[in-house]
Amino acid sequence: MSKSIKIRKGLDIRIKGDAERSSIEAPLSSTYAIKPTDFHGLIPKLLKKVGDQVKAGTPIFQDKYREHIKYVSPVSGKIQEVKRGAKRKILEVIIEADKEISYEEGSPVDVASLDRETAKEALLASGLWPFIKMRPIDVVANYTDTPKSIFVSGFDSSPLAPDYDYLLYTRDKEFQAGIDILNKLTDGNVNLQLRAKGGADAAFTQAKKVVANKVSGPHPAGNVGPQIHQVDPINKGEVVWTVNAQDVAIIGSCLLTGRYDASKLLALTGSEATNRKYFKVIIGANASDVLNGNSNTGNVRYISGNILTGSQIEADGYIGFYDSQITVVPEGNAYKFFLTKGWLIPGFKKLSNNSAYPSKVLGPKKFDVDTNLNGEERAFVVTGEYEKVFPFDIYPVHLIKSVMINDIDSMEKLGIYEVAPEDFALCEFVCTSKINSQEIVRQGLDVIHKECM
Amino acid sequence: MKFLRKILDNAHAKLNKSEKTKKLFPLVDSVDTLMFTPNHTTKGGAHIRDGIDLKRTMMFVILALIPCLLFGMYNVGLQHDLANSTVEWSGVDQFLYGLMKVLPFIVVSYAAGLGVEFIFAIKNGHAVQEGYLVSGMLIPLIMPIDTPLWMVAVAVIFAVVIGKEVFGGTGMNILNIALTARAFLFFAHPTSMSGNNVWISGFKDLKESGNLVDGVSGATPLGDLASFSQDQSAFDALHEVTYTIPLDSLASVAQNEPTFNMLDNVTDTIMVNGVEMVETVKTGFIESGHSFVEAMWGLYPGSIGESSVFPIMLGAIFLLLTGIASWRVMASFFAGGLVMALILNQFAGENAYMQLPAIHQLMYGGFLFGMVFMITDPVTAAQTTKGKFFYGFLAGFLGILIRVVNPAYPEGVMLAILIANVFAPLIDHMVISTNIKRRLKRVKIA
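Residues numbered from 1 in each chain as written. Chains lettered and ligands numbered in written order. Predicted model: local features only at pLDDT ≥ 70, side-chain atom pairs only at ≥ 80, totals over all residues.

Participant: Looking at this structure, how should I read the overall build of chain A?
Facilitator: In terms of helices and strands, chain A carries twelve helices and 21 strands. What you see for chain A is a C-alpha radius of gyration of 22 Å, in line with the 22 Å of a compact globule of 453 residues. By principal-axis analysis of the C-alpha atoms, chain A measures approximately 65 × 50 × 50 Å. Out of the 453 residues in chain A, the part that is buried amounts to 56%. For chain A, long-range pairs separated by at least 24 residues make up 68% of all intrachain contacts whose partners lie at least 6 apart in sequence. (Helix = DSSP H or I, 4+ residues; strand = E, 2+ residues; numbered from the N terminus. Rg over C-alpha atoms; globule rule 2.2 N^0.38 Å. Buried ≥ 20, exposed ≤ 12 C-beta atoms within 10 Å, placed from the backbone. Contact = placed C-beta atoms within 7 Å.)

Structure (structure tokens):
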């Protein structure tokens, strides 16, 4: 049964710099990277050495503890470098790309003929498995689980989000193939959430074998977290899987062609990006291919992903595995005198969800922002502000406090199984005390993962 | 501003030179972060953050207190002028007199409180948090004007150390800091915190020097009312013996107690009929100028900032518009007080205090000041949305109950809010328990 969901709590952050709906084929990068850090909790076991030749679809490393999950090269070429950080943790495996991509040739898969086990094998063998994430914990899914349902969000409501209808344009068949194989993995539904208002691309509206739910309301309406909470909430011991819409199409395309073709559209957004368009890239591409000539340089921050949950990268860093967006915003590393620019200005142009700034009512349509913290970290003082932007039947501050004191019992009772760090992004944004709640929730999930799963 | 920035940067650099002075960083840091929003950028998580911070939040509460403060200064001067038979002042003189009297309170309150905060910040190696900015302004406003300054300092130190720092500092306290300071003085030095001699600046001296204007009792309106109603039984007893006691001796009994001052006007009535007395006292209360309009402007003796409804309402509007204070707590506190006052009206019988119309009841004393500035303290209030309604209602309900029914003291809002503070975590616990149960129920249904 498809549902109609109204999200009442939340916040659409209106900032400058959304992308224009036209796309450019980005040049093929000279280097690509696959970053174990994109997959939280992964401890990689390298399968290739520096200097080895790989093709697109060749496994480069696997999960040390879940050996069937393989992470494959997005392009063909030579492994150039394995970048390590503290304690020799692998940060990036960099691949020097060939001029022309050659693929590990597989045969097209007839999804209809698969059963659950063979479907899993097909996904694991082709390196497509990491696209599937699980809730709780928000990590790459366990292939031994059978999820009670699978969720795909058909839109992104985050600030400057790419338009999924544009990302999926003309990919109807591939999207359907992806949905088909997801259906093999669960006894429950594959839920596809679409905006209640406005049309969606044919890939979404024509999709079969999905339960299409309509969602209205502000961000985080497009996040799978609140969608799952409304449609099929997770209780202790239950598992739900989630896949990004564009990744469903990538899965589908790989199954249809038998080749690991991880090309996707990526939106360049943010006030410091000058040529804000969509770029056709391959997963793991070097950001410089997109940024060169299309963005300001200097005192700016490059974010792979959206401005609330993305990760900071260098101008020549690599785009995150799950990201369909690069955001470029000015750094806010300047002192601001309290009466002219700082904390006691009237603030008609200051972005805030707090009525203590008149901008909430009288502000411009779109705000200029920078990365300044706008204050210092403090203890929790103000109450009720998280609840305004947190569309779960969960007490966010109490959940965070239970994580802070590492009280597993309370975390379970207060609903940690239903949340992921991204669900707290808005809480973190509005927090008067500047508490890094996403990081805290992640810590809590790690504890739960270790102790309870 | 570059000039200022340079000075601060130099100060930081100097402190960083040696390990010993490094510990003193809160001293420079607090000035620095007051003058400049720091250049800290987001690290991980959300890359942009809301413009709001704790400094702005706290400063807005102080802005909301400014009307009460200015009014309080004026009223201190006015009450002194009214009581002092030797001076005849203009409004400006009255304000200046009040300014000179109130300013030392503010200085002492901030010096003592921030002093403690700095010591703990240096000892624990963290920056000074903003919590005391508001408490430091609230404490002078809820003191009687004749409280000795050393007492203010002691109370502040007690409240900040025992009320806050032992629990972990700003954001961790269970009891409202300002009310903790007041409650400390109230029980440790009751003669300086209650009675009729403390509400008018220099009242005792005027009395001793004989310069007191005739008929000025020094009591707050609620003090008047409480003394009438609570001594009703005494007067009933007197009624029994009225016929045996000479008229003038009864009059002298009434006059020995300054609280009975107002009875002067009605002594004759008492003589005629002791029961009728209560009625007369009630109308006497209204007739002697205690009216709706009086409460609105609040030009009567009381704690420095609490008596006038008008500036409190200005503050309330500001806090509600800016969303700093919770309307849920304020509204439910008012509702709680109103319900209790109406209940008391029903059972008032001959008790003048209980007969006071509900709206009047709420406009006098510290009720509205408590509603706008005390009960809304987010740290000590209930934190859950539903809990806020229960919490506010409980405090308002108890506030009027304690005020009217207790025999010792004509005000109860302070104690009621402190009691509600203690119950706030329990209220939250109950609200959250229902949430947890709801989640568990979901499993059983599925």
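Picking up where we left off.
Participant: Could you clarify how one ought to interpret the sheet that holds strand β3 (residues 31–34) of chain A in this entry?
Facilitator: Picture the strands of a sheet paired through backbone hydrogen bonds; they go either parallel or antiparallel. Residues and elements named next belong to chain A. Taken together, the four strands give an open sheet; going across it, the order is β3-β9-β8-β5, and neighbouring strands pair in antiparallel fashion. The sheet is open, and its two edges are formed by β3 and β5 (53–54), each paired on a single side. As defined by bridge partners, β3 adjoins strand β9 (residues 90–97) across four bridges and the pair is classed as antiparallel. Paired with Ala 33 across the two strands is Ile 94, which belongs to β9. (Pairing = 2+ DSSP bridges.)

Participant: What should I look at first to understand the interface of chain B and chain A in this one?
Facilitator: The figure often quoted for interface size is the accessible area lost as the parts come together. Counting residues at the interface gives 52 residues for chain B, matched by 59 residues for chain A. At the level of elements, α3 (25–35), β1 (36–37), α4 (54–83) and α23 (413–445) of chain B are the ones that each hand at least two residues to the side of chain B that touches chain A. Here the side of chain B that touches chain A takes seven residues from α23(B), the largest share from any one element. Residues that form the side of chain B that touches chain A fall into these classes: 21 nonpolar, 22 polar and nine charged. Here strand β21 (residues 336–337) of chain A pairs with β1(B) via two bridges, running antiparallel. Bridging from a neighbouring strand, Lys336(A) pairs with Thr37(B) of β1(B). (Nonpolar A, V, L, I, M, F, W, Y, C, P; charged D, E, K, R; others polar.)

Participant: Would you take a moment to explain the environment of Gly225(A) for this structure?
Facilitator: Residue and element names in this part refer to chain A. For Gly 225, the position within the fold is in helix α5 (residues 224–231). Note: C-alpha distance between Gly 225 and Glu 376 (151 residues apart in sequence) is 29 Å. Once residues lying within four places of it in the same chain are set aside, the contact partners of Gly 225 are Pro 220, Val 419, Ala 420, Glu 422 and Asp 423.

Participant: When you look at the nonpolar core in this model, what are you seeing that I'm missing?
Facilitator: Side chains that are nonpolar tend, in soluble globular proteins, to be buried together. All names here are of chain B. Among the nonpolar cores identified, the biggest contains 232 residues, and Val 372, Tyr 391 and Ile 417 are the most heavily contacted of them. When residues in this core are grouped by element, the largest group, 15 residues, is from α4. Excluding its chain neighbours within four sequence positions, the residues that come into contact with Val 372 are Ile 312, Gly 315, Ala 316, Leu 319, Ala 325 and Met 330. (Core = buried A, V, L, I, M, F, W, Y, C linked by C-beta atoms within 7 Å.)

Participant: Please clarify how the sheet that holds strand β4 (residues 44–46) of chain A should be interpreted in this entry.
Facilitator: All names here are of chain A. Spatial ordering of the open sheet is given by β4-β6-β7, a layout of three strands whose pairing is antiparallel. Pairing within the sheet leaves two strands with one partner each, and these edge strands are β4 and β7 (70–72). Mean inter-strand twist for the sheet, computed between neighbouring axes without regard to direction, equals 30°. Across three bridges, strand β6 (residues 59–63) lies against β7 in antiparallel orientation. Counterpart to Phe 61 in the pairing with β7 is Tyr 71. (Axes fitted to C-alpha atoms, helices over the stretch in contact; angles between N-to-C directions.)

Participant: Just to check I follow, could you spell out the packing of helix α18 (residues 327–346) of chain B against helix α22 (residues 385–405) of chain B for this structure?
Facilitator: Two packed helices can be described by the angle between their axes and the distance between those axes. Residues and elements named next belong to chain B. With their axes 7 Å apart at the nearest point, α18 and α22 run at an angle of 35° to one another. Crossing of α18 against α22: the hand is right-handed. Broken down by class, the residue content of the contact of α18 with α22 amounts to 19 nonpolar, seven polar and two charged. (Left-handed = near helix turned anticlockwise from the far one by under 90°.)

Participant: Please explain the packing of helix α5 (residues 91–124) of chain B against helix α7 (residues 149–164) of chain B as it appears in this structure.
Facilitator: Residue and element names in this part refer to chain B. The geometry of α5 relative to α7 is characterised by a closest axis approach of 9 Å and an angle of 30° between their N-to-C directions. Like other packed secondary-structure pairs, α5 and α7 cross with a definite hand, here right-handed. Along its contact with α5, which presents Pro 104, Phe 105, Val 108, Ser 109, Ala 112, Gly 113, Val 116 and Glu 117, the element α7 presents Leu 149, Val 152, Ala 153, Val 156, Ile 157, Val 160 and Val 161. For the contact of α5 with α7, the per-class residue count stands at twelve nonpolar, two polar and one charged.

Participant: For this particular structure, what's the right way to read the pairing of β9(A)?
Facilitator: Regular strands have side chains that alternate between both faces of the sheet. Residues and elements named next belong to chain A. Here strand β8 (residues 77–84) pairs with β9 via seven bridges, running antiparallel. Within the sheet, the bridge partner assigned to Lys 78 lies in β9 and is Glu 96. Where β8 hands over to β9, the hairpin turn is made up of five residues, of which Lys 87 adopts a positive phi near 55°.

Participant: What should I look at first to understand helix α21 (residues 367–374) of chain B in this one?
Facilitator: Each full turn of the α-helix corresponds to 3.6 residues, which orients residues three or four apart in the same direction. Within α21(B), eight of the eight residues are buried, which leaves the element mostly enclosed by the surrounding structure. All of the buried residues in α21(B) are Phe367(B), Leu368(B), Phe369(B), Gly370(B), Met371(B), Val372(B), Phe373(B) and Met374(B).

Participant: Would you take a moment to explain unusual backbone geometry for this structure?
Facilitator: Comment: phi is negative for the bulk of residues other than glycine, and the bulk of peptide bonds are trans. All names here are of chain A. Between Arg 135 and the following residue, Pro 136, the backbone shows a cis peptide bond with an omega angle of -5°. Of note, Pro 136 is situated in the loop between β10 (133–135) and β11 (139–140). Residue Pro 220 is bonded to the preceding His 219 through a cis peptide linkage, with omega at 10°. For Pro 220, the position within the fold is in the loop between β14 (211–216) and α5. Backbone geometry places Arg 88, a non-glycine residue, at a positive phi of 60°. One can find Arg 88 in the loop between β8 and β9.

Participant: What exactly am I supposed to notice about the confidence of the model for chain B here?
Facilitator: Residue and element names in this part refer to chain B. Scored by pLDDT, chain B comes out at a mean of 85, with 85% of its residues at no less than 70. Scored below 50 in pLDDT, residues 233–278 shows 43 contacts in the model against residues more than four places distant or in partner chains. The ipTM, which scores confidence in the relative placement of chains, is 0.94 for this predicted complex, and the corresponding pTM is 0.91. (pLDDT = per-residue confidence, 0-100.)

Participant: What am I meant to see in the domain arrangement of chain A here?
Facilitator: All names here are of chain A. Segmenting chain A into domains produces domain 1 (4–9 + 110–257), domain 2 (28–97) and domain 3 (373–452). Computed from C-alpha coordinates alone, the two centres of domain 1 and domain 3 are separated by 25 Å. Contacts between domain 1 and domain 3 engage 17 residues on the former and 17 residues on the latter. Per-element tally for the side of domain 1 that touches domain 3: the top contributor is α5, with three residues. Taken together, the residues that form the side of domain 1 that touches domain 3 break down as seven nonpolar, five polar and five charged. (Domains from an automatic or database assignment.)

Participant: Please explain the environment of Met137(B) as it appears in this structure.
Facilitator: Residues and elements named next belong to chain B. Inspection of the secondary structure puts Met 137 in helix α6 (residues 131–141). According to the C-beta neighbour criterion, Met 137 is buried, with 23 such atoms within 10 Å. Distance from Met 137 to Ile 62, taken between C-alpha atoms, is 7.0 Å for residues 75 residues apart in sequence. Residues contacting Met 137, with those up to four places away along its chain left out, are Ile 62 and Leu 65.

Participant: How should I be thinking about the pairing of strand β13 (residues 190–195) of chain A in this particular structure?
Facilitator: All names here are of chain A. Among the six residues that make up β13, five are buried, leaving the element largely enclosed by the rest of the structure. By the bridge criterion, four bridges tie strand β12 (residues 149–153) to β13 in an arrangement that is parallel. Bridging from a neighbouring strand, Ser 153 pairs with Gln 193 of β13. Inspection of the sheet shows β13 paired to β14 by five bridges, in the parallel sense. Its bridge partner being in β14, Leu 194 is matched across the sheet by Lys 214.

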